[in-house]
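Structural characterization, general
Chain by chain, the residues:
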Amino acid sequence: MKRGVNMRIGHLVRQAQKGNKEALVQLIMADKDAYYRLAYSYMGNEHDALDAMEDMIVTLYEKIDQLQKGEAFYSWSKTILVNRCKTLLRKKQRLLPVGDESEASFAALTEDNPYRSTESEMNMEVLLSHLNAQQREAIELRYIHDLPYQTIADMTGTPIGTIKSRISQGIHKLKVMIGGEHYEDNRGEVKRA
């Protein structure tokens, strides 16, 4: 089954590389929800997420001929999306006046998010907000967006070992935070936090 899917993706990519816009649209629409969730996780609101997706689509159209392996389309396009999100966030930071970050992050958490429907998901957002940016990004890409380690490494331009380390350290921090007074050190001994 997977081989058939890869062949279809490869066929659509070849068509898009020949200038067939409809083939590119089919590729994008087949995974539009995953693109949106990924963009939203970086941008924090629908408007900016859609802007990032729009930028990604333009970039895909302009650079589709550079893609060597058609079956790599989705990891390649998601890498472009992440890069567009990061660029937009950098531009936004230069334009925003300095203010109370905790108020802004609370507002982002309580904003109406169509992909966060339960209180436990909101609690997870609060927990993840205590991690450093690299740990949070790696954990979200791995466990929320279900991307393989290699894809995350490619998307972020970071060695795969560093990605695994960030995830491991982030999960350890989360365990300490939710584990109360006790946690296990790396030798399995129970320590008081």
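These notes cover the structure that comes with them. None of these values were measured; they are calculated from a predicted model.

**A short note on the packing of aromatic side chains**
In this structure the tally under the stated criterion is 4 aromatic pairs. One aromatic cluster in this structure is built from Tyr-35, Phe-73, Tyr-74 and Trp-76. Residue placement shows Arg-142 over the ring face of Tyr-143; its charged tip is 5.8 Å from the ring centre. Directly above the aromatic system of Tyr-149 lies the positively charged group of Lys-164, at a separation of 5.3 Å from the ring centroid.

**Notes on the pattern of salt bridges**
In this structure the tally under the stated criterion is 5 salt bridges. For the salt bridge of Asp-31 with Lys-78, the shortest nitrogen-to-oxygen distance reads 3.0 Å. Of the two residues, Asp-31 is situated in the loop between helix 2 (21–30) and helix 3 (32–43) and Lys-78 in helix 5 (residues 73–95); the sequence distance between them amounts to 47 residues. Residue Lys-78 is classed as buried on the basis of its relative accessible area, which comes to 11%. Glu-140 is paired through a salt bridge with Arg-136; the nearest N and O atoms lie 2.9 Å apart.

**Side note on the nonpolar core**
Here is a general trend for soluble globular proteins: nonpolar side chains tend to be buried in one another's company. Formed by 42 residues in total, the largest nonpolar core has its most connected members in Tyr-35, Leu-60, Phe-73 and Leu-81. At the level of elements, helix 1 (2–17), helix 2, helix 3, helix 4 (46–63), helix 5, helix 8 (133–144), helix 9 (149–156) and helix 10 (160–178) are the ones that each hand at least two residues to this core. With 8 residues, helix 5 is the single largest residue contributor to this core. Excluding residues within four positions of it along the chain, Phe-73 makes contact with Ile-9, Val-13, Leu-24, Leu-27, Tyr-35, Leu-60, Ile-64 and Leu-67.

**Brief notes about the environment of Arg-142**
Positionally, Arg-142 belongs in helix 8. Classification of Arg-142 by relative accessible area gives partly exposed; the value is 21%. Expressed as a C-alpha distance, the spacing of Arg-142 and Ile-152, which sit 10 residues apart in the sequence, is 7.4 Å. The contact partners of Arg-142, leaving out residues within four places of it in the chain, are Leu-147, Pro-148, Tyr-149, Ile-152 and Ile-167. In this structure the side chain of Arg-142 is engaged in a polar contact, spanning 3.2 Å, whose partner is the backbone oxygen of Leu-147.

**Details of the packing of helix 3 against helix 4**
Here helix 3 crosses helix 4 at 120°, and the two axes come no closer than 8 Å. As the angle between them shows, helix 3 and helix 4 are arranged oblique. Where helix 3 crosses over helix 4, the handedness of that crossing is right-handed. Together, Lys-32, Tyr-35, Tyr-36, Ala-39, Tyr-40 and Met-43 of helix 3 and Glu-46, Asp-48, Ala-49, Leu-50, Ala-52, Met-53 and Met-56 of helix 4 make up the contact between the two elements. A per-class count over the contact of helix 3 with helix 4 returns 10 nonpolar, no polar and 3 charged.

Conventions used here
- Residues numbered from 1 in each chain as written.
- Predicted model: local features only at pLDDT ≥ 70, side-chain atom pairs only at ≥ 80, totals over all residues.
- Heavy atoms only, no water.
- Phe/Tyr/Trp six-rings, centres within 6.5 Å; stacked < 30°, edge-to-face > 60°.
- Lys NZ or Arg CZ within 6 Å of the ring centre and 35° of its normal.
- Salt bridge = Lys/Arg side-chain N within 4 Å of Asp/Glu carboxyl O.
- Helix = DSSP H or I, 4+ residues; strand = E, 2+ residues; numbered from the N terminus.
- Buried < 20%, exposed > 50% of the residue type's maximum accessible area, 1.4 Å probe, protein only.
- Core = buried A, V, L, I, M, F, W, Y, C linked by side-chain atoms within 4.5 Å.
- Contact = heavy atoms within 4.5 Å.
- Polar contact = N/O pair within 3.5 Å; in protein donor to acceptor, adjacent residues only side chain to side chain.
- Axes fitted to C-alpha atoms, helices over the stretch in contact; angles between N-to-C directions.
- Parallel < 35°, antiparallel > 145°, perpendicular 65-115°, else oblique.
- Left-handed = near helix turned anticlockwise from the far one by under 90°.
- Nonpolar A, V, L, I, M, F, W, Y, C, P; charged D, E, K, R; others polar.

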